[in-house]
Structure formats: C-alpha cells, structure tokens
Amino acid sequence: MKSLPILFLMILILNSCSYSQNKPNTTMNDSLKKTNPIYSNVDSAPVKMSEEEWKKHLTPEQYRVSRQKGTERPWTSIYEKSTDIGTFYCAACGNPLFKSDAKFESGCGWPSFYEPISTTSIKKNVDNSHGMIRTEVVCGRCDGHLGHVFDDGPPPTGLRFCINGVVLDFEKAKAAEKNYENKK
Ligand SMILES: [Zn+2]
C-alpha cells in the first residue's frame, strides 16, 4: 500500500506532461491564411493588395504592424524565446524569411536573427521616424513591415534583425517533413 501514493503521483505527472503537449493548432491567423489568395510559401512573385483586402486577411495586430509599420510590445511574442528548429515565414504573404539556425537570444524583447534566408527574402529602407536613423526591414514579396536591422549582432554577419513576432509564421522542420510525406 505504501507505493500507492507514489503511483498516484506518477500518473499525475504523466497526465500533466501529455496535457502540456496538446498545443492549440488552430489560431485566428491559420483560418485567415486559408482565405488569403496571395499566401504562398513557394511563390516569390511580388504581391500588391489594397489596404481593404489586407484588412480582411490579417488580424488587427498583424495589420497594424505589417501595413502601418507598428511595433508589437516587447517580450510578448511566442517566438522571442522559442528554440524550435524550422522556418519563419511572412505571416502576411507566406514568403520564407529566416531559418531558426540564424535565430539568437538578443535580449531585446523581439525575435532576433543574424541573417535572412536569402538577399531577396527581405528589403531594407531608411527609416527616419521617431528622431532616429534606423534601417527598416520589410518583406521582399509583399513589402510588409517586419522590424529593423542593427549592426550589433553576433558573427558571422554582425547584424541583428529585430523582428515583430506577430508578423511571423513558423513551421517546425518536423511538421514540414510530415506535410511532404502526406503529399507523396
Ligand atoms: Zn510578406
């Protein structure tokens, strides 16, 4: 009988482990993506949509950041601390932007990367707003605002792409493999 409380405790621990793995997989963003006519992880052709159209296909916070150059509150993105292996895409158009290999812990409060997937996956603009001279980073496909790049990053590039997590989509490497298997 002595082992019963231990057994009970083990069942509790096992149960809580399985609950923590049941992450919600349907978000508002996922359902909007399905109806977004230009969303694609493979089409790199530039996209243009009216502001009215963008409003229909983005969450209000995504619209504020992507189309109105807003900034999400620091430390609020689920991707800020995430160490999962996979690819980050533009949440507005699906363009591949950054690989998790290039992600690093910058401590600035936003997901940070030292390089984009390719030179064409992002574009840089001079940003003179708020009394500062900064380099804005926008999506290379839809021109949506992503964040800024600074020159205080780690090797090999010395750059820190400081990106708003709300305009990022993430696909785990394993999930991508599974999708590929299902399509075979
Ligand atoms: Zn985009």
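Since this is a predicted model, take the numbers as computed values, not measurements. Starting afresh in each chain, residues are numbered from 1 along the sequence in its written order. This being a predicted model, a pLDDT of at least 70 is required before a residue's local features are given, and a value of 80 or more before pairs of side-chain atoms are given or counted; all residues contribute to the totals for chains, interfaces and linings.

**Q** Requested: an account of the sheet that holds strand E1 (residues 86–90), with residues and values cited.
**A** Paired strands, as defined in this entry, are two strands with at least two bridges between them according to DSSP. A run of H or I in DSSP counts as a helix once it spans at least four residues, and a run of E counts as a strand once it spans at least two, with each numbered from the N terminus. Within the open sheet, the three strands sit side by side as E2-E1-E9. Their pairing is antiparallel. In this open sheet, the two edge strands, each paired with only one partner strand, are strand E2 (96–99) and strand E9 (168–172). Geometrically, the sheet is characterised by an average inter-axis angle of 30° between neighbouring strands, direction not taken into account. As defined by bridge partners, E1 adjoins E2 across three bridges and the pair is classed as antiparallel. Paired with Thr 87 across the strands is Lys 99, a residue of E2. A fitted line through C-alpha atoms represents every axis, and for helices the fit uses only the stretch in contact; the resulting angles, taken between N-to-C directions, go from 0 to 180 degrees.

**Q** Go over the sheet that holds strand E3 (residues 103–104) with me, naming the residues and quoting the values.
**A** Taken in spatial order, the six strands make up an open sheet running E3-E4-E8-E7-E6-E5, and their pairing is antiparallel. Each having just a single partner strand, E3 and strand E5 (122–127) make up the two edges of the open sheet. Summarising the sheet, strand E4 (residues 112–113) and strand E8 (residues 160–163) pair through two bridges and their orientation is antiparallel. Residue pairing across strands places Ser 112 opposite Cys 162, the latter belonging to E8.

**Q** Describe the pairing of E8, naming the residues involved and giving the relevant values.
**A** A regular strand places its side chains on the two faces of the sheet in alternate fashion. To sort residues by burial, count the other C-beta atoms lying within 10 Å of each one's C-beta; a count of 20 or more means buried, 12 or fewer means exposed, and anything in between means partly exposed. C-beta atoms are built from the backbone. What you see with E8 is no split at all: Arg 160 and Cys 162 on one side and Phe 161 and Ile 163 on the other are buried throughout. When strand E7 (residues 145–150) meets E8, the two strands line up antiparallel, connected through four bridges. The residue bridging Gly 147 from the neighbouring strand is Ile 163, located in E8.

**Q** Describe the nonpolar core, listing the residues and the values that go with them.
**A** Working definition: the nonpolar core is a set of buried Ala, Val, Leu, Ile, Met, Phe, Trp, Tyr and Cys residues, joined through C-beta atoms within 7 Å. If you look at the biggest cluster of nonpolar residues, it comprises 31 residues, and the most contacted ones within it are Cys 90, Ala 92, Cys 93, Leu 97, Cys 139, Ile 163 and Val 167. Residues contacting Cys 139, with those up to four places away along its chain left out, are Cys 90, Ala 92, Cys 93, Asn 95, Leu 97, Ile 122, Gly 144 and Leu 146. In this description, a residue-residue contact is defined by the distance between C-beta atoms placed from the backbone, which must lie within 7 Å.

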